[in-house]
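Here is what each chain is made of, one letter per residue.
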Amino acid sequence: MSTPWSELPRATLAELPTPLHRLPRFSAAIGADVWIKRDDVGELGLAGNKVRKLEFVLADARRRGADVVVIVGAAQSNAARAAAAACVRLGLRCVLVLSGDQPHETAGNLLLDRLFRADVVRFAGTTDWAELEQAAEQVREDLRARGASPYALPAGASSPLGAVGFAAAWHELLGQLDARGATASTIVHASSSGGTHAGLVLGRALTNGGPRVRAIGVAADIHPDPAAQIVALASDAAGLLHADVEVTAGDVSLDMAFLGAGYAAPTPEAASAIRLLAETEAIVCDPVYSGKALAAVVAGARDGALPGTTVFWHTGGYHAVFAPPHGDALLDGD
Ligand SMILES: *Cc1c(COP(=O)(O)O)cnc(C)c1O
């Protein structure tokens, strides 16, 4: 079937469609009908939502003749790890420009980055995203001076092409629901760099309706105005698709109430939601991203705000439970 993105180059990196299934025990426990979209499942480098974006983004890098990808991210960035994994598959070099301090242990995604042979350029103490972008530009300049052809990836691989990956994901989900004669009222997902939400709301605009999409903010400082950034991403993605749709601020739903003290700061609500999903369904979420979105699902059920069927979009990153200090925080209060 022809879709608005079938003309765009696309690398095969994700195993699509990712599974969609109901969560019977979790649903009974919270008193709502909850399904789960399993972007945590996939065979490339521990999977996650970034892989969908990278299918379009890295196909573009290849088409432009790039030989090295430069991406900025947090030290435990899932996007950086997924980019490193995807670059292995596509025969590209990958340079990661990561924020924050050098951790004592090479754990979690940093360990995987090393296994995937990414070059890591870490800037101790720099957590300012604008500074990080400047540092990445310097890295690209040095690469160009040495005859390489670098390709720039923004945080979270959230370029307009990355958002296209999630417009396609919307289409995939609606097809899966339709095939089962099911409809959803609400989709809930974690949001940081905005590409996931931008793609889903663009998908919704393209189909002229469907489930409402609720983004749960898990990072506050990547963009000065995250909602405006989401609208801009969705609009630019619509432009790439030559789609005659408009995405406005009214289409964006970004709830920062589950962020807690900030990006990667544990919250008791997320820890308890993670424990509940694990003990009812044996599915693992992480405290940085998906756990905070899952906490919003639990709160929404409690407040009667989730009528009908809710799809919890598991965006991956579950292996963060192994990276210190998350393990102990997860069991606190257990
Ligand atoms: C990056 C990420 C998100 C957020 O997606 P964005 O498109 O950056 O908003 C959610 N969950 C996980 C596990 C992620 O790695």
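The structure this text deals with has already been given above.
Quick caveat: nothing in here was measured; it's all calculated off a predicted structure.

K.L.:
Looking at this structure, how should I read the side chain of T309?
P.N.:
Note that T309 resides in strand β10 (residues 309-314). Excluding residues within four positions of it along the chain, T309 makes contact with D33, W35, T183, A184, S185 and T186.

K.L.:
Can you walk me through the environment of V121 in this structure?
P.N.:
Structurally, V121 can be placed in strand β5 (residues 119-122). Classification of V121 as partly exposed rests on a relative accessible area of 26%. Residues V121 and V72 lie 49 residues apart in sequence; the distance between their C-alpha atoms is 9.5 Å. Setting aside anything within four residues of it in sequence, one finds V121 in contact with V95, L96, V97, L98 and V139.

K.L.:
Any chance you could explain the site of the ligand here in plain terms?
P.N.:
Taken together, 16 residues form the shell around the ligand, and within it K50, K53, S193, T196 and T315 come nearest. Between an oxygen atom of the ligand and a side-chain N or O atom of N49, the distance comes to 3.1 Å. The backbone of G194 places a nitrogen or oxygen atom 2.9 Å from an oxygen atom of the ligand. Isolated, the ligand exposes 380 Å² of accessible area, and the fraction of that covered by the protein chains is 99%. Going through the elements one at a time, α2 (50-63), β7 (186-191) and α7 (195-206) are the ones with two or more residues in the shell around the ligand.

K.L.:
Explain the nonpolar core here, please?
P.N.:
One recurring pattern in soluble globular proteins: nonpolar side chains tend to sit buried together. Formed by 51 residues in total, the largest nonpolar core has its most connected members in L13, L54, L58, L153 and L202. Listing elements by their share of this core, those giving two or more residues are α2, β3 (68-73), α3 (78-90), β4 (93-98), β6 (150-153), α6 (160-179), α7 and α8 (226-240). Other than its neighbours up to four places away in sequence, L153 contacts L54, V57, L58, V69, V70, I71, V72 and A83. Residues A271, A273, L277 and V288 belong to the second largest nonpolar core, which totals 31 residues.

K.L.:
What is the right way to read the pattern of salt bridges from this model?
P.N.:
If charged atoms from side chains of opposite charge come close, those side chains can pair. Applying the stated criterion across every chain yields a total of 15 salt bridges. D119 is paired through a salt bridge with R93; the nearest N and O atoms lie 3.1 Å apart. Separated by 26 residues along the polypeptide, D119 in strand β5 and R93 in strand β4 bring together distant segments of the chain. Its relative accessible area of 40% is what places R93 among the partly exposed residues. Note that R302 and D303 form a salt bridge whose closest N and O atoms lie 3.2 Å from each other. Grouping residues by exposure puts R302 and D303 together as exposed. Here the salt bridges do not stand alone but share partners, grouping K37, D39, R52 and E172 into one network.

K.L.:
What is the right way to look at the sheet that holds β7 in this model?
P.N.:
Pairing between the strands of a sheet comes from backbone hydrogen bonds, and it takes one of two forms, parallel or antiparallel. Strand order across the open sheet formed by six strands is β1-β2-β10-β7-β8-β9, with mixed pairing between neighbours. Looking at which strands have only one partner, the edges of the open sheet turn out to be β1 (20-22) and β9 (254-255). Note: strand β2 (residues 33-38) against β10, six bridges, orientation parallel. Looking across to β10, one finds that I36 is bridged to F312. Where α6 meets the sheet, its contacts fall on β1, β2, β7, β8 (212-217) and β10, and the angle it forms with β10 comes to roughly 135°.

K.L.:
In this structure, what is going on with helix α4 (residues 108-115)? I would like to understand it.
P.N.:
Helical geometry note: an α-helix holds 3.6 residues per turn, so side chains three or four residues apart project in the same direction. For α4, the set of buried residues is G108, N109, L110, L112 and D113. Buried residues along α4 sit in contact with α3, β4 and β5.

K.L.:
Quick question: what am I supposed to make of the pairing of β3 here?
P.N.:
Along any regular strand the residues' side chains alternate between the sheet's two faces. Counting buried positions over the six residues of β3 gives six, a clear majority of the element. Burial along β3 is two-sided: V68, V70 and V72 facing one way and V69, I71 and G73 facing the other are all buried. The pairing of β3 with β4 spans six bridges and is parallel. Bridge pairing in β4 places V68 opposite R93. A crossover links β3 with its parallel partner β4, the connecting element being α3, and its sense is right-handed. Two elements, β3 and β6, share four bridges in a ladder whose sense is parallel. Looking at β6, one finds that I71 is bridged to L153.

Parameters at a glance
Sequence order as written defines the numbering, with residues in each chain counted from 1. In view of the model being predicted, local features appear only for residues whose pLDDT reaches at least 70, and side-chain atom pairs are presented and counted only at 80 or more, with totals across whole chains, interfaces and linings using the full set of residues. Note that the side-chain values use all heavy atoms of the structure and ignore hydrogens as well as water. Secondary structure counts use DSSP, requiring at least four H or I residues in a row for a helix and at least two E residues in a row for a strand, with both numbered from the N terminus. Any two residues having at least one pair of non-hydrogen atoms within 4.5 Å are treated as being in contact. Each residue's exposure class comes from its accessible area (1.4 Å probe, protein chains only) as a fraction of the maximum for that residue type: buried when under 20%, exposed when over 50%, partly exposed otherwise. We call a residue near a given molecule or strand whenever any one of its heavy atoms falls within 4 Å of it. Any N or O atom pair separated by 3.5 Å or less is treated as a polar contact, with the protein-specific requirement of one donor-capable and one acceptor-capable atom, and with residues adjacent in sequence counted only for side-chain atom pairs. The Shrake-Rupley method, run with a 1.4 Å probe sphere, supplies the accessible areas, and residue values consider only the shown protein chains as cover. What we call a nonpolar core is a set of buried Ala, Val, Leu, Ile, Met, Phe, Trp, Tyr and Cys residues that are connected through their side-chain atoms within 4.5 Å. A carboxyl oxygen of Asp or Glu within 4 Å of a side-chain nitrogen of Lys or Arg is what we treat as a salt bridge. The criterion for strand pairing is that DSSP finds at least two bridges linking the strands in question. Between the N-to-C directions of two axes lies an angle of 0 to 180 degrees, each axis being a line fitted to C-alpha atoms and, for a helix, fitted only over the stretch in contact. A crossover gets the label right-handed when its path from the first strand over the helix to the second runs clockwise, viewed with the strands pointing away from the viewer.

The analysis is restricted to geometry; functional conclusions fall outside its scope.
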